[in-house]
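Single-letter residue listing:
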Amino acid sequence: MYTLKGRTAVIAGATGHVGAGAVRMLTAAGMNVVMVTHNMADAGRLIAEVEDNPGTCIALSNEDGDGAVYGEVYRRFSSVDVIIPNQGAAARRQDLSDITEEELDGKLHHQITGSFTMVQKAIPYLKKSRAGRVILVSGTGAENGLLEEGLLECAARGGVISMTRYLARELAVQGITVNCIARGGMENDHAPEGEDELDNRTLVPRIPVRRNGTPEEFGAVVCYLASEEAGFMTGQVLRLNGGLFMG
């Protein structure tokens, strides 16, 4: 059994499908979970769903910046042990000629700059933890150029993987591990309705296990990486894709 009880995790993108899976699994293991979100309606429903779990779950907005979030989390729970920047959902592929510089800048800012800022502001708190953990989130396309995920997604998620390896080396001496979950072929948050949404069900014939991944499977990997027992694993990219890409 992993040591998670009493530890505190801060997660962005928690109200999405896989993010919610992480919240459910972490609170079931006794962790305090703080969702950083502007979507308080969905956050409220998730909080109600896990209210009987051993761990506590709350939601905070980062409109005053990530630093203010961590200060409030530390005030309430006396620790910040794990951060999970889970920004961005996969979009459908666009033709290269249709991609604008503004779209590329926006994607890079959301997934790379957003993740970096969340990590940077957390470091003073993670250094106080007995087992500080950073869990970044990337995608299959970042490693194998999965066409269905498109250039924007592949480029941004590739930057997250590079950042994982650099941060792991930089922060290891401070007792902070940094790892990444490269997910692919996971269940969609909802049935895709627009042309800009990637329907992961279309990937099933190419996934060796012949199904999409579940939020709970994502949450299970998060639980291990968040645990005190995961202290000898850092700088790693864990591929959660049912064999869609094996390296």
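Residues numbered from 1 in each chain as written. Predicted model: local features only at pLDDT ≥ 70, side-chain atom pairs only at ≥ 80, totals over all residues. Heavy atoms only, no water.

A closer look at the pattern of salt bridges
Side-chain pairing between opposite charges can occur once the charged atoms of the two side chains come close. Inclusion rule: Salt bridge criterion: a side-chain nitrogen from Lys or Arg within 4 Å of a carboxyl oxygen from Asp or Glu. Strands are runs of DSSP state E lasting at least two residues, helices are runs of H or I lasting at least four, and both sets are numbered from the N terminus onward. Burial here depends on accessible area, computed with a 1.4 Å probe over protein chains only, as a share of the maximum for the residue type. Under 20% is buried, over 50% is exposed, and the range in between is partly exposed.
Applying the stated rule across the entire model yields 13 salt bridges. Among the ionic pairs, Arg7 bridges to Asp81, the shortest N-O distance being 4.0 Å. Taken together, the residues Arg7 in the segment before β1 (8-12) and Asp81 in the loop between α3 (66-77) and β4 (82-84) connect sequence positions 74 residues apart. Relative accessible area serves as the criterion here: at 4%, Arg7 is assigned to the buried category. Two residues, Arg239 and Glu143, come together in a salt bridge whose shortest N-O distance is 2.8 Å. One end of the pair, Arg239, is in strand β7 (residues 237-240); the other, Glu143, is in helix α5 (residues 141-144), and 96 residues separate them in sequence. A relative accessible area of 25% places Glu143 in the partly exposed class.

Re the packing of helix α1 (residues 17-28) against helix α7 (residues 215-226)
Rule in force here: An axis is simply a line fitted to the C-alpha atoms; with a helix, the fit covers only the stretch in contact. Between two such axes, the angle follows the N-to-C directions and lies from 0 to 180 degrees. Convention used here: angles under 35 degrees read as roughly parallel, angles over 145 as roughly antiparallel, angles from 65 to 115 as roughly perpendicular, and any remaining angle as oblique. By definition, turning the near helix anticlockwise from the far helix through less than a right angle yields a left-handed crossing, and turning it clockwise yields a right-handed one. We call two residues in contact whenever any of their non-hydrogen atoms come within 4.5 Å of each other. Amino acids are sorted into nonpolar (Ala, Val, Leu, Ile, Met, Phe, Trp, Tyr, Cys and Pro), charged (Asp, Glu, Lys and Arg) and polar (every other residue, Gly among them).
The interhelical angle for the contact between α1 and α7, taken along N-to-C directions, is 55°, at an axis separation of 7 Å. Looking at the two axes, α1 sits oblique to α7. Once α1 is placed against α7, the crossing between them reads as right-handed. Across the interface between the two elements, His17, Val18, Gly21, Ala22, Arg24, Met25 and Leu26 from α1 touch Pro215, Glu216, Phe218, Gly219, Ala220, Val222, Cys223 and Ala226 from α7. Residues belonging to the contact of α1 with α7 are distributed by class as follows: 10 nonpolar, 3 polar and 2 charged.

What about the confidence of the model for the chain?
Formally: By definition, pLDDT measures how confident the predictor is in each residue, and it falls between 0 and 100.
This prediction gives the chain a mean pLDDT of 92; 94% of its residues lie at or above 70. Confidence, read as mean pLDDT per element, is least for α5 in the chain (90) and greatest for β4 (98).

Considerations on the pairing of strand β3 (residues 57-60)
Using the following cut-off: One requirement defines pairing of two strands: DSSP has to find at least two bridges between them. By definition, the crossover connecting two strands over a helix is right-handed if that path, from the first strand to the second, turns clockwise as seen with the strands pointing away from the viewer.
Of the strand pairs in this sheet, strand β2 (residues 32-36) and β3 are connected by 4 bridges, and their pairing is parallel. Looking across to β3, one finds that Val34 is bridged to Ile58. Crossover β2 to β3 through helix α2 (residues 40-49) is right-handed.

Quick word on α3
For clarity, the threshold we go by: Helix span, expected: 1.5 Å multiplied by one less than the number of residues in the helix. Arc definition: it is the arc formed by the directions from the helix axis to the C-beta atoms.
Here α3 is 12 residues long and its end C-alpha atoms lie 16 Å apart, about the 16 Å a rise of 1.5 Å per residue gives. Among all positions of α3, only Asp66, Val69, Tyr70, Val73 and Phe77 are buried. For α3, the angular spread of the buried residues around the axis is 95°, confining them to a single face. Looking one or two residues past α3, Ser78 carries a phi angle of roughly 65°, positive in sign.

What about the packing of aromatic side chains?
In plain terms, the rule: Note on ring pairs: Phe, Tyr and Trp rings are taken, using the six-membered ring of Trp, and paired if centres are within 6.5 Å. Classes follow the plane angle, with under 30 degrees stacked, over 60 edge-to-face and the rest tilted.
Tallied over the full model, the rule gives 3 aromatic pairs. Where Tyr2 meets Tyr224, the ring centres are 5.3 Å apart and the plane angle is 55°; that geometry is what we call tilted. A residue pair is termed long-range when its members are at least 10 positions apart, and Tyr2 in the segment before β1 and Tyr224 in helix α7 qualify at 222 residues. With a relative accessible area of 24%, Tyr224 lands in the partly exposed category.

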